[in-house]
Amino acid sequence: MLRYIVRRLVGAVPILVGISLISFLMMHMAPGGPIGAGTDLNPKATAESRARLKAYYGLDQPLHIQYGRWLVRMSTLDFGDSFSPDGRPVAEKIKERIPITLTINVLSMGLIFLVAIPVGVYSAVRKGSLFDRISTVAVFTGFAIPTFWLALLLMILFGVKLGWLPISGISSLDYGSLGPLGKLADRAHHLLLPVLLLGFGGLAGMSRYTRANMLEVIRQDYVATARAKGLPEGTVVFRHAMRNALLPVITILGLSVPELLGGSVIFETIFAIPGLGQLFYQGVMSRDYPLIMGILTIGAFLTLLGNLLADVGYALADPRIRQG
Amino acid sequence: MAETLLDVRGLRLSFATEKGSVRALFGVSFSVAPGETVGLVGESGCGKTVTALAVLRLLQSPPAIVESGEIVFRGEDLLALPEKRMCGVRGKSISMIFQEPMSSLNPVLTVGEQVAEVFTAHNVCGKREAAERAVEWLRKVHMPDPSLRAREYPHQMSGGMRQRAMIAMALALTPSLLIADEPSTALDVTIQAQILSLLRELRERERMAVLLITHDLGVVHDFADRTAIMYLGRIVEIAPTRELFADPIHPYTQGLLASLPGKRTGEKRLPSIPGTVPDLSNVPPGCPFADRCPFRREALSRFLAREVPADPLAVCDREDPPLYEYSGGHFAACHHQRTVRGGGAR
C-alpha cells in the first residue's frame, strides 16, 4: 500500500507540471496585464516607465523563459512575491487565507453528509412514500436555485429585514475585545449563513446519489440472502445494504475538492469572506500572475491529493479493491 | 401423506405494475412432508422462484400481493404471522439458497461473519461462539481450510466455494425445510455434481425436507421424491418422481420428457413443444397450455376438417382445468386425459 502511495505521488509530478503549463498559458492569453492595471489610466505613466516596470517583473521576457523561471522557483517551493502593492510573498498570503476557506468547506461538507445520507437512505428504503416525494421535491428545488441568488435573498431576509445575522465578513468590529467563548460565538454567527447555504447547494447531489446507490444495492441478491437468514430489517439495511451503498461516496468526497475550491471563489466574494476564493478573485482582477499561479498550483495539488486519498480510502473500505 | 411440513393451498399472487396488475401464480397447491424432497420444475418465468420467495415472504409488497391462499408451515399460516415472528422462521425453520453464488454473498463482509450472523440473529449464542460454529459449519460443507477461509471475502473464492458457504449459512440452524432455488445451475458441471451430492449428504444427515427448484429434469430425477411440473403460474402435474418419468400424463410434461436428449438416437434435431408461452399480462381463458397442446390441436383440426360434428375439446378454451387425481398421488390438470383416462376430481 505504501509503495502504491509513493508511486502515485511521483506520478503526480508530471501532471502538476502539465496543469501549471496550461494555466500559465491561459493566464497570459487573457486580455490585460498586471502593468496595465496600474498605468493605463495614469496620465503620468510614460512608455519608458511601463517598460521599466515590465522589466522589473520579468514580463519583457518571452513566455517560455517566464514559465521556465517560474518552474525553477516552484521546484524549491518558492511561490514568488505578489504583484500587488503590498508585494508580500504569495505563500504567506495563501497560508493566512486557507484556514478560513477550509473551515467553511469542511463544516458544510459535514452538514451535507449529516443530512444527505440519512435522507437518501430513508428515501430509498421507503421509496415512493410521502417522505421520499417531499424530500425529492425539496432537494431538487435546492439544486435548481442558483446558490448565489439564494444567498442574496437570505442576506436581505436575515441580515437586512430581520437583522438576525451579519451579512458579510467573518468577524465583528469588536472581535478583538471578545473573550475566547465570545470569539467562537461571533465566528459561528458569521459563518452560519455561508455554511448553511453552501451545504444546501450540495445536499441535492449527495442525497440523490445516496438514494440511487441504496436502491441499486437493495435489489442485490446478497440483500435477499440477508433477509432469508432472518435478519431484522434494520440489520439488513444498515449492515448489509448501507455499507455497500456508501462505498462510492468516498470517491465523491475525494472528487469534490476542486468543486469546493471553485465554488469558494463566487461564494467568498458574495459574503466578503477573506478566504482563498476571494484572494483568487482579487488576484485575477488585478492580473497578479504569481498569486494566480500559486493558488492554481495549490488547487491542483489538493485535487490530486483528494483523488489519491479517495482511492486509498476506497481500498481500505472495500476488500475487493484492497486485495485486487 | 400422514404428516405435512409445508402445505401451500391455492396460492394466488399478482404483481402491481404500471400497466395494471399481472398475476404470477394462479392457485398453486402442493405439500412437502418432513424429510421429503419435492422438485419444482418449469421453464423460466413459470413462477417457481416466486413460489419459493412467497413461502418465505421475501417478495416486496407492494408490488407483490397475495390475493388468496394459505401457506401452512407446521400447522401455522405463515401469511398471517407478524413480520417479527416471520424473521424467526427465516433461516431457522426454513432456509433458502439462491441460484447465483457469485452475487448472493455480501462483498464487504467475510464469509465467516456472514455464516456467524445466522447464529447471532437468532440469539443462539454469542459472537465468539458464533464464529467458532461458523468455521465448524464450513468444515461440514467440505470447505477446504475452513478456519482460513472464514476470514476471507467472497471475491477470493470460486463459485463452488461460495455455494458451499451459502449452504453452510442455510443449514447452520438445521432447518426442517430447505428451499434450494437452482442451487447448481450457475456452476460448471463437475462442481454441480459436487454441490448436489453435498446437499444429498446433508439432507440425509440432518433429515430435512427440501424444496428443490430447477429447470433440469435430470437433477429432479436423481434427487426428488416427488416432482411438480409448473407451467404459467400453475402446477400442471405432480407425482412421485419415478411415476412422473415413467408415465407422464399432462401433454406439457410429455413434451418436456420427449425433448430430453439421449432418449432417441439418429435424429439430428431434438423434438420441441410448438408455440411459445403466453405473456403473463395477457393470459387467455381456459387451459394455459391449450394453444400448444397436441391433443387440442388435433381435435381442432379434425373439427375444422369436418371429420367430427362437434369440437370435442372446446372445453379447453373455456375452462382452466383443475388437478385431477389418477393413480395414488399422481395429479394432472388436463381435460383431455381426464376423458381418456378417467381421472377422479381432486
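Keep in mind the model is a prediction, meaning the values are calculated, not measured.

## Looking at the nonpolar core
What tends to happen in soluble globular proteins is that the nonpolar side chains get buried as a cluster.
All names here are of chain B.
Next, step 1: Counting residues in each nonpolar core, the largest one holds 105 residues, and the members touching the most others are Leu6, Phe30, Leu78, Ile94, Ile167, Leu177 and Ile179.
Next, step 2: Tallying contributions element by element places helix H6 (residues 159-171) first for this core, with eight residues.
Next, step 3: Of the residues that make up this core, three or more belong to each of domain 1 (1-84 + 203-246) and domain 2 (248-259 + 283-342).

## Considerations on helix H9 (residues 221-228) of chain A
Next, step 1: Within H9(A), six of the eight residues are buried, leaving the element largely enclosed by the surrounding structure.
Next, step 2: Among all positions in H9(A), only A:Tyr222, A:Val223, A:Thr225, A:Ala226, A:Arg227 and A:Ala228 are buried.
Next, step 3: Where the residues of H9(A) are buried, they touch helix H8 (180-218) and helix H10 (233-271) of chain A together with strand E6 (94-97) and H6 of chain B.
Next, step 4: Of the residues flanking the end of H9(A), it is A:Gly230, one or two places downstream, whose phi is positive at about 95 degrees.

## A look at the pairing of strand E7 (residues 177-181) of chain B
Residues and elements named next belong to chain B.
Next, step 1: Of all the five residues making up E7, five are buried; the element is thus mostly covered by neighbouring parts of the structure.
Next, step 2: Here E7 shows a buried face lined by Leu177, Ile179 and Asp181 and a second buried face lined by Leu178 and Ala180.
Next, step 3: With four bridges joining them, E6 and E7 adopt parallel strand pairing. Residue pairing across strands places Ser95 opposite Leu178, the latter belonging to E7.
Next, step 4: Relative to strand E8 (residues 209-214), E7 runs parallel, the two sharing five bridges. What sits directly across from Ala180, in E8, is Leu212.

## Observations concerning the sheet that holds strand E12 (residues 331-332) of chain B
Residues and elements named next belong to chain B.
Next, step 1: The strand order across the open sheet formed by eight strands is E6-E7-E8-E3-E9-E10-E12-E11, and the pairing between neighbours is mixed. Each edge of the sheet is formed by a strand with only one pairing partner; in this case those strands are E6 and strand E11 (324-325).
Next, step 2: Of the strands in this sheet, strand E9 (226-231) and strand E10 (234-240) are in contact with helix H10 (residues 251-258), which crosses E9 at around 105 degrees.

## Here's the deal with the packing of aromatic side chains
Residues and elements named next belong to chain A.
Next, step 1: Overall, the coordinates contain eleven aromatic pairs over all chains when judged by the stated rule.
Next, step 2: Each ring, one from Tyr57 and one from Phe83, has its centre 4.3 Å from the other, and the planes form 40 degrees; the classification is tilted. With Tyr57 in helix H3 (residues 47-57) and Phe83 in the loop between helix H4 (63-75) and helix H5 (90-125), the pair connects residues that are 26 residues apart, well separated along the chain.
Next, step 3: On the basis of relative accessible area, Phe83 is assigned to the buried category, the value being 18%.
Next, step 4: Ring centres of Phe83 and Tyr289 lie 6.3 Å apart, and the angle between their planes is 55 degrees; on these two criteria the pair is classed as tilted. In this pair, Phe83 sits in the loop between H4 and H5 while Tyr289 sits in helix H12 (residues 289-317), placing the two residues 206 residues apart along the sequence. Each member of the pair, Phe83 as well as Tyr289, is classed as buried.
Next, step 5: Taken together through their ring pairs, the aromatic side chains of Tyr56, Tyr57, Phe83 and Tyr289 make up a single cluster.

## A word on a nonpolar patch on the surface
All names here are of chain A.
Next, step 1: Taken together, Phe148, Trp149, Leu152, Leu153, Ile156, Val160, Ile167 and Ile266 make up a surface patch of nonpolar side chains, about 750 Å² in accessible area.
Next, step 2: Take the nonpolar patch: its biggest share by element is six residues, from helix H7 (residues 147-161).
Next, step 3: Note on placement: Leu153 falls in helix H7.

## Quick notes on the interface of chain A and chain B
Next, step 1: In this assembly, 22 residues from chain A lie in contact with 26 residues from chain B.
Next, step 2: Of all residues in chain A, A:Ala228, A:Lys229 and A:Arg239 give up the largest surface area on contact with chain B, accounting jointly for 27% of the area buried on that side.
Next, step 3: Scanning the region where chain A abuts chain B turns up two salt bridges.
Next, step 4: Note that A:Lys229 and B:Glu117 form a salt bridge whose closest N and O atoms lie 2.6 Å from each other.
Next, step 5: On inspection of chain A and its partner chain B, the count reaches eleven residue pairs in polar contact (both at pLDDT 80 or more).
Next, step 6: The set of elements that each furnish at least two residues to the side of chain A that touches chain B consists of H9, H10 and helix H13 (319-322) of chain A.
Next, step 7: Residues belonging to the side of chain A that touches chain B are distributed by class as follows: eight nonpolar, six polar and eight charged.

## Looking at helix H1 (residues 2-29) of chain A
All names here are of chain A.
Next, step 1: Relative to the 40 Å expected for 28 residues at 1.5 Å per residue, H1 spans 41 Å between its end C-alpha atoms, a close match to the ideal helical length.
Next, step 2: Considering bend angle alone, the principal kink of H1 is centred on Val13 and spans about 25 degrees; proline Pro14 follows within four residues of it.
Next, step 3: Within H1, burial applies to Ala12, Ser20, Ser23, Phe24, Met27 and His28.

## Focus: the domain arrangement of chain B
Residues and elements named next belong to chain B.
Next, step 1: Taken domain by domain, chain B consists of domain 1 (1-84 + 203-246) and domain 2 (248-259 + 283-342).
Next, step 2: Taking only C-alpha atoms into account, the centre of domain 1 sits 24 Å from that of domain 2.
Next, step 3: Listed as interface residues are 18 residues of domain 1 and, on the opposing side, 20 residues of domain 2.
Next, step 4: Taken together, both faces of the contact between domain 1 and domain 2 bury some 1700 Å²; the carbon and sulfur share is 58%.
Next, step 5: It is Tyr231, Val236 and Glu237 in domain 1 that bury the most area against domain 2; as a group they hold 34% of the surface buried on that side.

Calculation rules
Residues numbered from 1 in each chain as written. Chains lettered and ligands numbered in written order. Predicted model: local features only at pLDDT ≥ 70, side-chain atom pairs only at ≥ 80, totals over all residues. Heavy atoms only, no water. Core = buried A, V, L, I, M, F, W, Y, C linked by side-chain atoms within 4.5 Å. Buried < 20%, exposed > 50% of the residue type's maximum accessible area, 1.4 Å probe, protein only. Helix = DSSP H or I, 4+ residues; strand = E, 2+ residues; numbered from the N terminus. Domains from an automatic or database assignment. Contact = heavy atoms within 4.5 Å. Pairing = 2+ DSSP bridges. Axes fitted to C-alpha atoms, helices over the stretch in contact; angles between N-to-C directions. Phe/Tyr/Trp six-rings, centres within 6.5 Å; stacked < 30°, edge-to-face > 60°. Patch = residues over 30% accessible without salt bridge, like charges linked within 9 Å, V, L, I, M, F, W, Y side chains within 5 Å. Areas by Shrake-Rupley, 256 points an atom, 1.4 Å probe, with all protein chains shown as cover. Salt bridge = Lys/Arg side-chain N within 4 Å of Asp/Glu carboxyl O. Buried area = accessible area lost by both parts, 1.4 Å probe. Polar contact = N/O pair within 3.5 Å; in protein donor to acceptor, adjacent residues only side chain to side chain. Nonpolar A, V, L, I, M, F, W, Y, C, P; charged D, E, K, R; others polar. Expected span 1.5 Å × (residues − 1). Bend = angle between axes of the 7 residues up to and from the residue.

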